[in-house]
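Chain by chain, the residues:
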Amino acid sequence: QVQLVESGGGLVQAGGSLRLSCAASGRTISNYAMGWFRQAPGKEREFVAAISRSGGGTYYADSVKGRFTISRGNAANTVFLQMNSLKPEDTAVYYCATSGGLTANIRNYDHWGQGTQVTVSS
């Protein structure tokens, strides 16, 4: 139904910034709430941030609160994750996904992108 593609990952020094993008192909994602998750080596996939269908509501994991910002672009088929003050602990593959509402529970997410690698050097 929906295909998602993440981009913007790469290698950055600790304290630096990256901006991740999630773009839908085929159909608009305006009718979905969206979330970002990440998975580091040896760890379970964990919730990072979520945004409501309209973009009026957001929710963040405590580990990224105050440093990361999720937003919807002017185009309905794009979602961003602005990551500032990056730490080595942020190193992971980052995934975007669709959900029926604002939630941090991975079981409520349906469509997933392929992921983009973020590496923070120390």
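Our subject in this report is the structure included herewith. (Residues numbered from 1 in each chain as written. Predicted model: local features only at pLDDT ≥ 70, side-chain atom pairs only at ≥ 80, totals over all residues. Heavy atoms only, no water.)

### A look at the overall build of the protein
The criterion, for reference: Secondary structure elements are taken from DSSP: a helix is a run of H or I of four residues or more, a strand is a run of E of two residues or more, and numbering for both begins at the N terminus. When we talk radius of gyration, it's over C-alpha atoms, and the globule rule is simply 2.2 Å times the number of residues to the 0.38. Burial classification: accessible surface area is computed with a 1.4 Å probe over protein chains only, and a residue below 20% of its type maximum counts as buried, one above 50% as exposed, and the rest as partly exposed.
Regarding its fold elements, the protein presents 0 helices and 11 strands. Secondary structure elements in the protein, listed N-terminal to C-terminal, are β-β-β-β-β-β-β-β-β-β-β. Its C-alpha atoms give the protein a radius of gyration of 13 Å, within 12% of the compact-globule value 14 Å for 122 residues. With respect to the principal axes defined by its C-alpha atoms, the protein has extents near 40 × 25 × 25 Å. Counting every position in the protein, which comprises 122 residues, the buried fraction comes to 45%.

### A short note on the state of the cysteines
A disulfide bridge is the covalent bond that connects two cysteines by way of their sulfur atoms. The line we're drawing: Cysteine sulfur atoms that pair up within 2.5 Å are treated as a disulfide.
As enumerated under the stated definition, the model contains 1 disulfide in all. The side chain of C22 participates in a disulfide bridge whose partner is C96; the two sulfur atoms lie 2.0 Å from each other. For the disulfide bridge between C22 and C96, the dihedral angle about the S-S bond is near 65°, and by the sign convention the bridge is right-handed. In this pair, C22 sits in strand β3 (residues 18-25) while C96 sits in strand β9 (residues 92-99), placing the two residues 74 residues apart along the sequence. Judged by its relative accessible area of 0%, C22 falls in the buried class.

### What to know about the sheet that holds β3
This is how the line gets drawn: We call two strands paired when DSSP finds no fewer than two bridges between them. Angular values range over 0 to 180 degrees, each being the angle between N-to-C directions of two axes fitted as lines to C-alpha atoms, with helices fitted over their stretch in contact.
On the basis of which strands lie adjacent, the open sheet formed by 4 strands has the order β1-β3-β8-β7 and antiparallel pairing. Two strands lie at the open edges of the sheet, namely β1 (3-7) and β7 (68-72), each paired on one side alone. Averaged over neighbouring strand pairs, the angle between their axes works out to 15° when direction is ignored.

### Some words on the packing of aromatic side chains
What counts is decided by this rule: Side-chain rings of Phe, Tyr and Trp, where Trp is taken by its six-membered ring, are said to pair if the distance between their centres is within 6.5 Å; with planes under 30 degrees apart they count as stacked, over 60 as edge-to-face, and otherwise as tilted. The rule for a charge over a ring is simple: NZ of Lys or CZ of Arg within 6 Å of the ring centre, and within 35 degrees of the ring normal.
Evaluation of the coordinates by the stated rule reveals 6 aromatic pairs. Relative to W112, the ring of F37 has its centre 5.2 Å away and its plane inclined at 55°; by these criteria the two rings are tilted. Note that F37 is positioned in strand β4 (residues 33-39) and W112 in strand β10 (residues 109-112), a separation of 75 residues in sequence. A relative accessible area of 1% means that F37 is categorised as buried. The structure contains a cluster of three or more aromatic residues connected by ring pairs, namely F37, F47, Y59, Y95, Y109 and W112. The aromatic ring of F80 is capped on one face by R19, whose charged end is 4.0 Å from the ring centroid. Just above the ring of W112 sits the side chain of R45; from NZ or CZ to the centre is 5.0 Å.

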